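Analysis of the macromolecular model
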Amino acid sequence: MLKKRSFYVVMLIVGMCCIGASFFFNDANAKPIAGSLIGIGAGFIGMSIANLITKHMERKNPTLEKQSQIDYNDERNITIRNRAKAEAGDITQWLIMGIAYITILISAPLWVTLAVVIVFLIYHFAGLYLINKYQKEM
Amino acid sequence: MKNKLEEIRRQRGIKQEELATALEVSRQTIGSLENGRYNPSILLAFKIALFFDMTIEEIFIYEEEKPC
């Protein structure tokens, strides 16, 4: 999605704050929280820097900016993106079911299997909700 | 759906890039339209027709699918 430069600056700051906050979780019990914060922070920083560099290059070269906007809004590209997302979603749905069966086979705790099944159900209900929503809109 | 887009564009001496810029689509979209790999939305079809000052039917040819 095309976002404004300020959005990525905010994301960069949030990423830095996440990494900074991770240093406050020194306790052994809080290690997973620190790890998650570092992961989220690194992700935000990486994404923001990449997008800010792109925005900077586009600002220097208005033709490039115009072309990237055309490419983003191009109806064929939108169709390709949406089709790819839909197919990736279908593949993910079967992967989630596969993971659910694996958790049963490896005798994982019940809550793990249930969590995976709930994700699968959320996927289906979200799909049904969106179908209903778009049928009303179109 | 077949179309005469490439033929019309060549007759007018317009490059794919120029047509793409005028229609605000990518050059690849023009290529795909000309090859018949992609059918345009009704909006893009109107834009193309307006650009060439023609009707949609003069550019795009609808062929009904034959029953098996």
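Residues numbered from 1 in each chain as written. Chains lettered and ligands numbered in written order. Predicted model: local features only at pLDDT ≥ 70, side-chain atom pairs only at ≥ 80, totals over all residues. Heavy atoms only, no water.

Per an unreviewed UniProt entry, chain B carries the name Helix-turn-helix domain-containing protein and comes from Acetobacterium paludosum.

The name given to chain A in an unreviewed UniProt entry is DUF2178 domain-containing protein, and the organism recorded there is Acetobacterium tundrae.

1. Quick word on the interface of chain B and chain A
Operational definition: In what follows, residue pairs with any heavy atoms lying within 4.5 Å of each other are defined as contacts. The buried area of a pairing is the accessible area, by a 1.4 Å probe, that goes missing from both parts when the two are put together, added over both. Here a salt bridge means any side-chain nitrogen of Lys or Arg lying within 4 Å of a carboxyl oxygen belonging to Asp or Glu. Think of a polar contact as two N or O atoms within 3.5 Å of one another; within protein, one of them needs to be a possible hydrogen donor and the other a possible acceptor, and neighboring residues in sequence only count if both atoms come from side chains. Put simply, DSSP marks the helices as runs of H or I at least four residues long and the strands as runs of E at least two long, and each gets a number from the N terminus on. Ten residues, namely Ala, Val, Leu, Ile, Met, Phe, Trp, Tyr, Cys and Pro, are considered nonpolar, four, namely Asp, Glu, Lys and Arg, are considered charged, and the remaining ones, Gly among them, are considered polar.
Facing the 10 residues of chain B at the interface are 8 residues of chain A. When chain B packs against chain A, close to 750 Å² is buried across both sides, 45% of that on carbon and sulfur atoms. Together, Glu 24, Ser 26 and Tyr 38 of chain B form the three largest contributors to the area buried by chain B at its contact with chain A, with a combined 53%. The interface formed by chain B and chain A holds 1 salt bridge in total. Salt-bridge contacts for Glu 24 of chain B lead to Lys 66 of chain A; the nearest nitrogen and oxygen are separated by 3.2 Å. Connecting chain B to chain A are 6 residue pairs in polar contact (both at pLDDT 80 or more). Per-element tally for the side of chain B that touches chain A: the top contributor is helix H3 (residues 27-35) of chain B, with 3 residues. Residues belonging to the side of chain B that touches chain A are distributed by class as follows: 4 nonpolar, 5 polar and 1 charged.

2. Description of helix H2 (residues 16-23) of chain B
All names here are of chain B. Applicable threshold: Classification of residues uses two cut-offs on accessible area relative to the type maximum, computed with a 1.4 Å probe and protein chains only: under 20% is buried, over 50% is exposed, and between them is partly exposed. Of all possible arcs, the one meant is that of the directions from the helix axis to the C-beta atoms.
All of the buried residues along H2 are Gln 16, Leu 19, Ala 20 and Leu 23. Projected down its long axis, H2 shows its buried positions confined to an angular sector of 100°, all on one face. Summarising the contacts, the buried residues of H2 are in contact with helix H1 (5-11), H3 and helix H4 (42-52). Looking one or two residues beyond H2, the residue adopting positive phi is Glu 24, at roughly 60°.

3. Comments concerning the UniProt feature "transmembrane region" (unreviewed entry) in chain A
Residue and element names in this part refer to chain A. This is how it is decided: UniProt positions are given in the numbering used here, feature names are shortened, and annotations may be inferred rather than shown by experiment.
Per the UniProt record, "transmembrane region" (unreviewed entry) is found at residues 7-26, 32-53, 91-108 and 114-131. The span residues 7-26 is 80% helical and 0% strand by assignment, and the distance between its end C-alpha atoms comes to 31 Å. The distance separating the terminal C-alpha atoms of residues 114-131 is 25 Å; by composition the span is 100% helix and 0% strand.

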